[in-house]
Amino acid sequence: YGATYNFCGPDKQRPNRNQVFEVIWQPEKPGDGYELPAMMGACYFFPREWFLHLNPLRFLRSWGVDEAAMSLKCWLAGGEIRMLKGVKIGHQFRTKGIQQIAPWHALYNKLFSMHTILPAEMAKLLESKMERGGLMASAKKALFDDWHLVETEKAYNDAIFNRRFVWLLEKFQLSFPQS
């Protein structure tokens, strides 16, 4: 299918709930090789050198929100994401050796990615739209404790990005909350 962003809006999986900074499936288009706003799922690939250049996962605590971060960094650093239907790959799901992760890690990753990739005012706006609660308190405390990593990643992203975030919004006609 390919994916797109729901920066802030209704959650199609859970009625009466909102999503903030989520990658969601989009309807498949005919043809092959077309551009996608985002990637999602287990079957995407990068040239090794490009992945190492982006270094999209280095400070994330676990899996979760990694596709949003990788997709945004790819586009903003001058790359692209395309649907390639003719490629056949396999994916192995491992049940042994999987470590349990703290439930708040995905929220931490989301906050970390928002504050290091998006313009500051947009990150603050999205954060204000997120639900509050125990998990959010844990994620925000960890982010505060790791603020030196946020600053390090933000500086790195500023150095490698050659496109502005609003460019991506315009390119794919993505909606972003105004207030």
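Our structure's up above, just so we're on the same page.
Cut-off values and rules
- Residues numbered from 1 in each chain as written.
- Predicted model: local features only at pLDDT ≥ 70, side-chain atom pairs only at ≥ 80, totals over all residues.
- Heavy atoms only, no water.
- Helix = DSSP H or I, 4+ residues; strand = E, 2+ residues; numbered from the N terminus.
- Rg over C-alpha atoms; globule rule 2.2 N^0.38 Å.
- Buried < 20%, exposed > 50% of the residue type's maximum accessible area, 1.4 Å probe, protein only.
- Contact = heavy atoms within 4.5 Å.
- Lys, Arg positive; Asp, Glu negative; His and termini not counted.
- Charge placed at Lys NZ, Arg CZ, Asp CG, Glu CD.
- Patch = residues over 30% accessible without salt bridge, like charges linked within 9 Å, V, L, I, M, F, W, Y side chains within 5 Å.
- Areas by Shrake-Rupley, 256 points an atom, 1.4 Å probe, with all protein chains shown as cover.
- Salt bridge = Lys/Arg side-chain N within 4 Å of Asp/Glu carboxyl O.
- Polar contact = N/O pair within 3.5 Å; in protein donor to acceptor, adjacent residues only side chain to side chain.

(A) Region of the structure containing the overall build of the protein chain. Across its full length, the protein chain holds seven helices and two strands. What you see in the protein chain, going N to C, is helices and strands ordered as β-β-α-α-α-α-α-α-α. Scaling as 2.2 N^0.38, a compact globule of 179 residues should have a C-alpha radius of gyration of about 16 Å, and the protein chain matches this with 16 Å. Scored against the burial criterion, the 179 residues of the protein chain give a buried share of 44%. Within the protein chain, residue pairs in contact and separated by at least 24 positions form 73% of the contacts whose partners lie at least 6 positions apart. Positive and negative side-chain charges of the protein chain, numbering 23 and 18 respectively, have mean locations separated by a distance of 3 Å.

(B) Fine view of a nonpolar patch on the surface. A cluster of nonpolar side chains, contributed by F45, L84, V87 and I89, occupies part of the molecular surface with about 370 Å² of accessible area. Note on placement: L84 falls in the loop between α2 (66–76) and α3 (105–117). Taking the relative accessible area as the measure of exposure, L84 reaches 42% and is therefore partly exposed.

(C) Representation of the environment of W75 within the structure. Within the fold, W75 resides in helix α2. Sequence separation of W75 and V166 is 91 residues, and the distance between their C-alpha atoms is 11 Å. Those residues within four positions of W75 in sequence are excluded, and the remaining contacts are E35, L36, P37, E80, I81, R163, W167, L168, K171 and F172. A polar atom in the side chain of W75 sits 3.0 Å from the backbone oxygen of L36.

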